[in-house]
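Chain and residue survey
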Amino acid sequence: MFDPFYPYDWLATQIVTRLLGLSIDSHLGSSLHFFFYDVPKVLTLLLTISFIIGTFQSFLEPERVRFWLGGKRTFIGNIMAATVGIVTPFCSCSAVPLFIGFLEAGVPLGVTFSYLISAPMVNEVAVVLLWGLFGFRVTLLYIAFGVGLAIAAGYIIGLLKLEKWVEPFVWELQKARREQPNNEDDDLQITKLTWGDRCKQGQFQSTEIFKSVWIYVVIGIGVGAGIHGYVPTEFITRWAGANNPVAVPIAVILGVPLYANVAGVLPITEALVNKGMPLGTVLSFTMAVTALSFPEIVILKKVLRPQLLVVFITFMTFGIISIGYLFNFLLTLGITSN
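None of the values given here were measured: they were computed from a predicted structure.

**So, the side chain of Ser-31**
In this structure, Ser-31 sits in helix α2 (residues 27-57). The exposure class of Ser-31 is buried, given its relative accessible area of 7%. A distance of 2.9 Å separates a polar side-chain atom of Ser-31 from the backbone oxygen of Ala-225.

**What to know about the pattern of salt bridges**
Tallied over the full model, the rule gives 1 salt bridge. Measuring nitrogen to oxygen at the nearest pair gives 3.9 Å for the salt bridge that ties Asp-38 to Lys-41. Of this pair, Asp-38 and Lys-41 both sit in helix α2, 3 residues apart, which is roughly one turn of that helix. Here Lys-41 falls in the buried class, since its relative accessible area comes to 3%.

**What to know about the confidence of the model for the protein**
Here the protein averages 77 in pLDDT, while 73% of its residues score no lower than 70. Taken element by element, the protein is modelled with least confidence in helix α10 (residues 184-187), mean pLDDT 47, and with most confidence in helix α1 (residues 6-19), mean pLDDT 90. Scored below 50 in pLDDT, residues 183-188 shows 6 contacts in the model against residues more than four places distant or in partner chains.

**A closer look at the environment of Phe-5**
Examined against the element boundaries, Phe-5 turns out to sit in the segment before α1. It is 9.4 Å that separates the C-alpha atoms of Phe-5 and Gly-132, two residues lying 127 residues apart in sequence. Not counting residues up to four positions away in its chain, the partners in contact with Phe-5 are Tyr-37, Lys-41 and Leu-45.

**A closer look at the nonpolar core**
Soluble globular proteins tend to pack their nonpolar side chains together in the buried interior. Membership of the largest hydrophobic core comes to 66 residues, with the highest contact counts inside it found for Phe-99, Leu-109, Phe-113, Met-121, Leu-304 and Met-316. Membership of the second largest hydrophobic core comes to 7 residues, among which are Ala-81, Val-84, Phe-102 and Ala-119.

What counts, and at which threshold
Residues numbered from 1 in each chain as written. Predicted model: local features only at pLDDT ≥ 70, side-chain atom pairs only at ≥ 80, totals over all residues. Heavy atoms only, no water. Helix = DSSP H or I, 4+ residues; strand = E, 2+ residues; numbered from the N terminus. Buried < 20%, exposed > 50% of the residue type's maximum accessible area, 1.4 Å probe, protein only. Polar contact = N/O pair within 3.5 Å; in protein donor to acceptor, adjacent residues only side chain to side chain. Salt bridge = Lys/Arg side-chain N within 4 Å of Asp/Glu carboxyl O. pLDDT = per-residue confidence, 0-100. Contact = heavy atoms within 4.5 Å. Core = buried A, V, L, I, M, F, W, Y, C linked by side-chain atoms within 4.5 Å.

Right, dumping it as structure tokens:
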């Protein structure tokens with residue numbers, strides 16, 4: 001089968017064996033091969049896919065997105081918000097200001113939560129790295145589970161009518177916005193861009209994403225390389241293997257305080273999977289790091305009252321743990337294998 005990344009594997013092998021004179025089977029040689037192979041591969045994928053998605057993101061006008069989401073107060077709105085979250089490159093903390101902006105613009109609370117969950121968990125960076133590290137089938141399942149969690153949690157929060165647990169200043173901002181004179185036609189005016197303009201926008205976005213996350217990629221791959229070469233497989237399988245029924249909740253608990261960019265955590269997950277940790281357990285850890293981080297909770301506390309914050313954390317924790325167990329179950333059936 002044709003492997004587009006074979007040149008990277010060949011180059012990494014030459015660097016380790018010929019230039020450095022190490023054996024691939026040694027601890028140091030194995031770690032360095034992992035590092036020199038993954039860094040160019042992941043960065044190439046990141047640039048390429050970010051350019052493609054950035055080009056097509058030029059069709060998304062912010063005011064029109066708010067108009068679409070504001071006009072859909074049912075299950076359709078949650079689906080649309082979760083989908084928008086996929087193509088917006090925000091981490092959990094940077095997604096919060098847009099979450100506030102949606103509420104201010106009159107987008108329903110449950111719909112905004114669907115966006116808040118989807119944006120950090122299933123963005124294009126996560127998709128690119130997952131595809132490069134684990135293949136198309138695992139990536140597709142991850143997207144399906146992540147978006148499904150965002151839709152379900154947002155929809156349920158919407159049904160519960162929990163607007164009373166949002167801080168009053170948000171609704172005051174919304175009221176002030178509505179009282180301002182506004183021309184809806186002007187807000188929804190779509191800028192006419194040529195394909196050349198759109199490609200330039202895609203190039204700009206891919207460059208900005210690359211500049212903002214490349215260091216996390218390198219650090220994450222470095223940590224993953226250390227795990228790959230030096231952490232005994234027996235240690236991983238003993239404490240977080242398939243035979244430990246509480247491995248998934250433990251992984252989620254460990255992931256919450258470890259706020260990291262998704263670009264930095266996914267290379268670590270690759271090393272953990274290679275060491276024998278079940279994929280569902282690893283992905284639950286990844287979701288907890290990227291979508292249920294402690295800094296995000298601190299920021300949300302400024303907007304949400306404690307009762308709604310507890311509801312959000314409970315939904316997310318239950319959902320992420322459930323996805324981990326489900327992924328592990330599918331793994332036993334061979335569905336998640338490439």
